[in-house]
Amino acid sequence: MDFDRNRRAPQGFADPGLPLDRGDIVVIGAGLAGLFTALRLAPLPVTVVAAAPLGQGASSVWAQGGIAAAVGEGDTPESHAADTIAAGGGIVDAHVAEVVASEAPARIADLLRYGVPFDRDLAGHFALSREAAHSRARVVRVSGDRAGAAIMHALIAAARAAPSIRILEGYEATDLILNAGSGDGGRVTGVRLVRTEAQGTGTFDFMPASAVVVATGGAGALYSVTTNPMYARGEAIAFAARAGAAIADAEFVQFHPTAIDADIDPAPLASEALRGEGAKLVNRAGERFMLRLDPAGDLAQRDVVARGVFAEIAAGRGAFLDCRDSIGAEFPTAFPTVYGHCVAAGIDPVTQLIPVAPAAHYHMGGIATDLHGRTSLEGLWAVGEVASTGLHGANRLASNSLLEATVLGARVADDIRRLVAPSIAHPIAKTYRAAPDRPLDEARRAQLIAVLRRAMSEHVGVVRSGPGLEKALVILREIAAEAGDDMLVANMALAGEVIAGSALVRTESRGAHFRSDFPDPMAALVRRSVVTLADIRAICARGKRVGGAAAIAELCL
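Every residue gets a number counted from 1 within its own chain, in the order that chain's sequence is written. Local features in a predicted model are, by the rule used here, given only for residues with pLDDT of at least 70; side-chain atom pairs are given and counted only at 80 or more, and totals for whole chains, interfaces and linings are based on all residues. Each side-chain value is worked out from all heavy atoms of the structure, with water and hydrogens disregarded.

Enquirer: Which residues make up the overall build of the protein chain, and what are the values?
Expert: Strands here are runs of E lasting at least two residues and helices are runs of H or I lasting at least four, both read from the DSSP assignment and numbered beginning at the N terminus. Of regular secondary structure, the protein chain possesses 15 helices and 19 strands. Think of it in three bands: with a 1.4 Å probe and only protein chains considered, a residue is buried below 20% of the maximum accessible area for its type, exposed above 50%, and partly exposed in between. In the protein chain, which comprises 557 residues, the share counted as buried stands at 61%. In what follows, residue pairs with any heavy atoms lying within 4.5 Å of each other are defined as contacts. Contacts in the protein chain between residues at least 24 apart in sequence constitute 74% of all its contacts with a sequence separation of at least 6. Here, Shrake-Rupley sampling with a 1.4 Å probe gives the accessible areas, and only protein chains in the shown set may cover a residue. Split by element, the accessible area of the protein chain, about 19700 Å² in all, is 54% carbon and sulfur.

Following this line, the structure appears as structure tokens:
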């Protein structure tokens, strides 16, 4: 697999020289990326594997802001791409940004056809919001802050009605099945599944597949403070890395600066759209602290705002969102989702400040793919947050995530349709029971997961350091050793190791990756990192003083 040193998109597996195996087209994950891909694959038969009932386990449902697209008067895809590149800390793949921005209006049109009721003004034009680091208002929304829920409602209805889609609810993928491929590497020919309610029993099923699409979402639940649902544990990164897949930009984890600080897990989100409408960040003394940190103030890039909020809390001054003057009495109708979260936490945002804190929100890194969603493993595609296309670089531009899910979902579907004939992609009606493993007991599993999440938040969080990352790696490897055959804990520990190890070797600060011991960016490191699991373990095994340009160069395959 060739990764261009000029930061072009990674090339995925070559067209197979041997026919793909018979079996289902399996889409693992039922958020926006998974469902959109499955719908676009029609009439090919698809099995969608969902960990929870549709709509209950996906981060997409919780997305408040909307979808960024150049659909407003005077806006252009070129401007959208330029904003994306500017926000990404110097390592956005410009070609990927241009392609995604140019295809955005067509994907908005697709969502309209699926029945998504985007907000419009009296003249029928889209009602657009401006969010941080966008040069203009271009975020298409639904009922102010209900875009994710509305989009998912429409796609779930379409998927349930589609005769080509079989939905397998209550199953999670834990590993990939590999056979010999056309080249030197293996080919993905199926997935190992576990019933969600059977996690911890050691009972698994195998599902053969002609093609596997990973669309499992992010890794926020590896952290003790996150806006992500419990299923966003980064497990697909772990089982893809274990199978030999290349992982890109894993060190870049975006922390949303304004999760509602109310000791709720997952933490409810106070959407960036609030600041777009004029809400202000203040500390306990009423000081607008972001004004002294960045010329853009409260609408600075997310990584800048997250560190500003983190610093105020660490200094004991607290951080709050003041919506009283800018939104005031309109809050319940303008932002009903956030209003509901505040009320549930005992806060009246019309008259009170909203306490906020940074929370793990979005993983810019993931399984490395090209612009067709192809990974380095033949037969495996990835789409959505679990993938790393180069669109987000070191810092995701607000509301580009749902957009990427639709644009790449369409491209993945088009690619699979070209490779998989209907005679090959026939659904296999049953899964095959596998020999049981020996998992941990439930209480010990919960203890290890709690330790893992604390270690990730404390040492691989908003502010990192070499000693802290080394400590996290020790903890993660100890957890992995104790996990043994417990695939849930083992996968979480491995995903954490990939993130922490990638962060350790990038000895600079860039975008969402901030090192207190290397607080400045380095010109020699203006490149994406692409690693395999063997790379991470080999470099981290050399000792404490790892990283820098030489290490990053080794990670650019």
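Enquirer: Hey, could you go over the sheet that holds strand E19 (residues 530-531) for me, with residue numbers and the actual values?
Expert: Note: strands within a sheet are paired through backbone hydrogen bonds, in either parallel or antiparallel orientation. Paired strands are those between which DSSP finds at least two bridges. If you walk across this open sheet you meet the 4 strands as E17-E15-E10-E19, and the pairing is mixed. Of all strands in the sheet, those bounded by a partner on one side alone are strand E17 (387-388) and E19. For every element, the axis is a line fit to its C-alpha atoms; helices are fit only across the contacting stretch, and the angle between N-to-C directions ranges from 0 to 180 degrees. Most of the contacts of helix H5 (residues 235-242) go to strand E15 (residues 366-368), to which it runs at about 40 degrees, and overall it touches strand E10 (247-248) and E15.

Enquirer: Which residues make up the sheet that holds strand E14 (residues 354-363), and what values go with them?
Expert: If you walk across this open sheet you meet the 4 strands as E11-E14-E13-E12, and the pairing is antiparallel. Of all the strands in the sheet, just strand E11 (253-260) and strand E12 (280-282) have a single pairing partner and so form its edges. Direction aside, the axes of adjacent strands within the sheet are offset by 45 degrees on average. In the sheet, E11 pairs with E14 via 6 bridges, with the strands oriented antiparallel. Paired with Ile 260 across the two strands is Val 356, which belongs to E14.

Enquirer: Describe helix H3 (residues 94-113), listing the residues and the values that go with them.
Expert: A helix is expected to span 1.5 Å for every residue after the first. With 20 residues, H3 extends 30 Å between its outermost C-alpha atoms, agreeing within 8% with the 28 Å of an ideal straight helix rising 1.5 Å per residue. One axis is fitted to the seven residues ending at the residue and one to the seven starting there. The bend at that residue is the angle between these axes. The largest bend along H3 measures about 40 degrees and falls at Ala 104, with the proline Pro 105 one to four residues further on. Inspection of H3 places Val 96, Ala 97, Val 99, Val 100, Ala 101, Glu 103, Ala 104, Arg 107, Ile 108, Asp 110 and Leu 111 among the buried residues, and these make up the whole buried set. In this fold, the buried residues of H3 make contact with helix H1 (32-40), strand E3 (67-68), helix H2 (77-87), strand E5 (139-140), helix H4 (147-161) and helix H10 (401-419). Nitrogen and oxygen atoms within 3.5 Å of one another constitute a polar contact, given that in protein one can donate a hydrogen and the other can accept it, and given that sequence-neighbouring residues count only through two side-chain atoms. A distance of 3.0 Å separates the backbone nitrogen of His 95 from a side-chain oxygen at the start of H3, and that oxygen is part of Asp 93. Immediately downstream of H3, the backbone of Gly 115 shows phi near 100 degrees, a positive value.

Enquirer: If you had to explain the packing of H2 against H3 to someone new, which residues and values would you point to?
Expert: For the pair H2 and H3, the least separation of the axes is 8 Å and the interaxial angle reads 140 degrees. Accordingly, the angle class assigned to the pair H2 and H3 is oblique. The element H2 and its partner H3 pack so that their crossing is right-handed. Each of Pro 77, His 80, Ala 81, Thr 84 and Ile 85 in H2 lies in contact with H3, whose residues at this interface are Ala 94, Ala 97, Glu 98, Ala 101 and Ser 102. Side-chain classes are defined by residue name, with Ala, Val, Leu, Ile, Met, Phe, Trp, Tyr, Cys and Pro counting as nonpolar, Asp, Glu, Lys and Arg as charged, and the others, Gly among them, as polar. Partitioning the contact of H2 with H3 into residue classes produces 6 nonpolar, 3 polar and 1 charged. The cut-offs work like this: below 35 degrees is roughly parallel, past 145 is roughly antiparallel, 65 to 115 is roughly perpendicular, and the gaps in between are oblique. Left-handed describes a crossing whose near helix is turned anticlockwise from the far helix by less than a right angle; the clockwise case is right-handed.

Enquirer: Residues and numbers for the nonpolar core, please.
Expert: To define a nonpolar core, start from buried Ala, Val, Leu, Ile, Met, Phe, Trp, Tyr and Cys residues and group those joined through side-chain atoms within 4.5 Å. In this structure, Val 212, Val 214, Leu 222 and Tyr 223 are the most contacted members of the largest nonpolar core, which totals 66 residues. For this core, the leading source of residues is helix H13 (residues 487-505), giving 12 residues. Among residues more than four places away in sequence, those in contact with Tyr 223 are Val 253, Phe 255, Ala 360, Arg 453, Met 456, Ser 457, Val 460, Gly 461, Arg 464 and Ile 499.

Enquirer: Tell me about unusual backbone geometry, and please be specific about residues and values.
Expert: Residue Pro 43 is reached from Ala 42 by a cis peptide bond, and omega for that bond is 10 degrees. Take Pro 43: it is sitting in the loop between H1 and strand E2 (46-50). With an omega of 0 degrees, the peptide bond between Asp 265 and Pro 266 qualifies as cis. Examined against the element boundaries, Pro 266 turns out to sit in the loop between E11 and helix H6 (272-276). Phi at Asp 263 is positive, roughly 60 degrees, even though this residue is not glycine. Relative to the helices and strands, Asp 263 resides in the loop between E11 and H6. Backbone geometry places Ser 399, a non-glycine residue, at a positive phi of 65 degrees. Here Ser 399 lies in the loop between E17 and H10.

Enquirer: Describe the packing of aromatic side chains, with residues and values.
Expert: By convention, a stacked pair of Phe, Tyr or Trp rings (six-membered ring in the case of Trp) has centres within 6.5 Å and planes under 30 degrees apart, an edge-to-face pair has planes over 60 apart, and any other such pair is tilted. One pass over the structure, following the stated rule, counts 6 aromatic pairs. Ring centres of Phe 331 and Tyr 339 lie 6.1 Å apart, and the angle between their planes is 45 degrees; on these two criteria the pair is classed as tilted. Note on Phe 331: relative accessible area 0%, which makes it buried. Here the aromatic residues Phe 331, Phe 335 and Tyr 339 are joined through ring pairs into a cluster of three or more. Charge over a ring is defined by NZ of Lys or CZ of Arg lying within 6 Å of the ring centre and within 35 degrees of the ring normal. Over the ring of Phe 126 we find Arg 120, and its NZ or CZ is 4.5 Å from the ring centre.

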